[in-house]
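For reference, the chains in residue letters:
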Amino acid sequence: MPGLKDWAPRRHEEDFEGHMMRMNSIGTIGSKCLYFNPVVSISSAVLIWGFVIYACVSPEDAQVEIQAWQSWVTDIWNWLYMISQNIWILVLLYLLYKYYNLKLGKEDDKPEFSDGTYFAMLFSAGLATGLWYYTAEGMWHYEGYASPRWMDSNMFNMNTRAEHALMATFFHWGLHGWIPYCCMGALMAILHYRRGFPLSIRWTLYPLIGEMCYGIVGDLVEILSILCTVFGVCTSLGLGAMQINKGLVRLDRGTYRGVDDIPEGNTGIDYSKEAQIVVIIGVTLLATISVVLGLKRGIATLAQVAFALSLFLLGTMVLLDNTWYILNANTSAVGYYLWYLPKISFHTDAWEELGVSTDGTGAAPDNRGGAKGWMNMWTIFYWGWWISWGPFVGTFLARISKGRKLGTFILATLILPSLWSFAFLGGFGAAQIRISNQAISATQHCAAAAGFTPASPCWNTGYCAGCSFTYGSTADKTKFGWMQTDAETAVQTWVPVPDSVTRLYNLATEDVLFEHLQTYGGKEWSTFISVVTLVTIILYFVTSSDSASFVVDMLAANGQPEPPLPQKIFWAFTEGAAAAVLMLVAGDDSPQAALKAVQALPIVLGLPYTFHLFYCCQSLLIIC
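In this text, all values refer to a predicted model and were calculated from it rather than measured experimentally. (Residues numbered from 1 in each chain as written. Predicted model: local features only at pLDDT ≥ 70, side-chain atom pairs only at ≥ 80, totals over all residues. Heavy atoms only, no water.)

(A) Summary view of a nonpolar patch on the surface. A cluster of nonpolar side chains, namely W79, I83, I87 and F346, defines an oily patch on the protein surface of about 380 Å² accessible area. Checked against the element boundaries, W79 lands in helix α4 (residues 78-98). The exposure class assigned to W79 is partly exposed, which follows from its relative accessible area of 44%. (Patch = residues over 30% accessible without salt bridge, like charges linked within 9 Å, V, L, I, M, F, W, Y side chains within 5 Å. Areas by Shrake-Rupley, 256 points an atom, 1.4 Å probe, with all protein chains shown as cover. Salt bridge = Lys/Arg side-chain N within 4 Å of Asp/Glu carboxyl O. Helix = DSSP H or I, 4+ residues; strand = E, 2+ residues; numbered from the N terminus. Buried < 20%, exposed > 50% of the residue type's maximum accessible area, 1.4 Å probe, protein only.)

(B) Region of the structure containing the nonpolar core. In terms of nonpolar packing, the biggest core is built from 182 residues, with M121, F123, I226 and M317 touching the most fellow members. For this core, the leading source of residues is helix α20 (residues 523-556), giving 16 residues. Core analysis: the second largest hydrophobic core is formed by 14 residues, C446, A447, W459 and C464 among them. (Core = buried A, V, L, I, M, F, W, Y, C linked by side-chain atoms within 4.5 Å.)

(C) Examining the layout of surface pockets more closely. Computed from the structure, the second largest pocket encloses a volume of approximately 410 Å³. As for the second largest pocket, its lining consists of 20 residues, of which W351, E352, R368, G369 and G370 are closest to the centre. A breakdown of the residues in the lining of the second largest pocket according to their chemical character gives 7 nonpolar, 7 polar and 6 charged. (1 Å grid on protein atoms, 1.4 Å probe; cavity = no way out; pocket = protein on both sides within 12 Å on 5 of 7 lines; lining within 4 Å. Points joined across faces, edges and corners; volume = space filled by probe spheres on them. Nonpolar A, V, L, I, M, F, W, Y, C, P; charged D, E, K, R; others polar.)

(D) Summary view of the packing of helix α11 (residues 216-253) against α20. Between α11 and α20, the least distance of the axes is 10 Å, while the angle of their chain directions is 165°. One finds that α11 runs roughly antiparallel with respect to α20. For the pair α11 and α20, the sense of crossing is left-handed. Residue classes in the contact of α11 with α20 are distributed as 17 nonpolar, 9 polar and 1 charged. (Axes fitted to C-alpha atoms, helices over the stretch in contact; angles between N-to-C directions. Parallel < 35°, antiparallel > 145°, perpendicular 65-115°, else oblique. Left-handed = near helix turned anticlockwise from the far one by under 90°.)

(E) Representation of empty space enclosed by the protein. Scanning the entire structure with this criterion turns up 2 cavities of 30 Å³ or more. In this structure, the largest cavity encloses a volume near 220 Å³. At the level of elements, α5 (115-127), α6 (130-133), α11 and α15 (374-388) are the ones that each hand at least two residues to the lining of the largest cavity. Top contributing element to the lining of the largest cavity by residue count: α15, with 4 residues.

(F) Expanded view of the state of the cysteines. Taken as a whole and assessed by the stated rule, the structure comprises 2 disulfides. The side chain of C446 participates in a disulfide bridge whose partner is C467; the two sulfur atoms lie 2.1 Å from each other. Its torsion about the S-S bond being -70°, the disulfide of C446 and C467 is classed as left-handed. Here C446, found in helix α18 (residues 444-449), pairs with C467, found in the loop between α18 and β5 (481-485); they are 21 residues apart in sequence, far enough to count as distant. Overall, the relative accessible area of 8% leaves C446 in the buried class. Here C458 engages in a disulfide with C464; their sulfurs sit 2.0 Å apart. Between C458 and C464, the disulfide has an S-S torsion of 90° and is therefore right-handed. Exposure remark for C464: the relative accessible area of 4% places this residue in the buried category. Here the protein pairs its bonded cysteines, counted in sequence order, in the arrangement 1-4, 2-3. (Disulfide = S-S within 2.5 Å.)

In structure tokens, the structure reads:
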């Protein structure tokens, strides 16, 4: 085994199997029954289950401890997160210009998947259920969740606030989010398809440390990558299970605009950890079947269906809402995004993070602007999250990109998914902001009658005492609505708030998407669109889980593109079982404590991966 000082890169004549024979392994290369790296596999499994047991035995302690680590990462290293993303994107843009026609494979290699299937697979793996769980991000930013800087009414009116809300959403889900995936995927595809190295993350360091990749240094890189992937997927399994559980409860009880037609339900499904465990088990079984079927018959097919359904939901929502308004809002938000990108991509909320003036830390005396913690709660959280998913998604993108050019790879994994995220989150965000404005303005007549004025702090929030509601269908029609004046006759007419208006900000995260889509029709429509939404979320849920299992299988098998079937089943089971156990042991007083502890782990693990991505960018420049 190469020593730690044997760092020099060498020109290798051996083939794919020649590299694998020099690494730790049990089993026969290419075996359908058993082949894995014992150091990587056993260490990863022990660390995963060790933490799961710790989080189960002491969930509150685990949550406090890991979130303290997360706070240290986000408080101390936010400047590094912001700078690093901008450096990486400059590297990618340079490669896009300089090496656009570089083939990811031999000159006669053809793409393994059609363009449509390829995009559906990369998008479903890269965003998973997060896209659905956070469709309300634009509305949350507009409403001022955690007090962002644009809530200062002396600096921003509500229209400008809406544009900043969508712009911040685009920033979190746009170019900078996809950079880690693109960097990792491009480098691994070149190393694998052009240089003959196994499809494993350890080789991303070969241009820098050479032969050390065969030994313990390479094993440590693989272990860190597996931990990031498994804990990231565990979090998605937990969040997705909660949303699917809520959707099933709503269907079972016939929930429509906040009212259950059948309070006890047809089948008695409850929103509970037990039901969420059943969801996780079901999704894990589907993901396992998909992994067993393989890349083309399983993962690719599910990704195609999932993407088609998401396109249907987005198109339906845009057509049923105020279509021209949504197109205008998204156009404006894209303009704000492009204009502010050089500024917002370096913005750290440095002065806001000092707190308030009375803290004595040197914060601004006027105490205006955003609140301390917003940056860490949103932007830095997202950056750590995207980076920690880099090894999983990057490896998967490399696996499906054989035969493509480097330039088209960068466009397909950086530009196109950003545009789709803009359309999706921008569409839902703009519609939810419009609905929220309806709900807020419908309270102002009541507020005026109660003695409040436009200068009152509650006037533009919709929360004046005695003058707030959640559902227009159950609101007092004599209190909530608008007194409209005819422009020609000057006659005033009272227009009560429509039943379809909902104060979405009052709802639980799992309810927002369903309630939003229900506003466009009656009960039959509500049932139909809820079923379609649930199926779509489940498919995205399964495709992210099976893609992650597929990648972990490869990493644990030294980069073998098609690992043995028993190992595929083992890692798919490990991901689902870990998430289910965390749900099972959660106490009634803190049902999400263990899950939140695991949710913070990818953010913590994202810090060392930030340094690894710097090495990957350097390797990219060398290897091209």
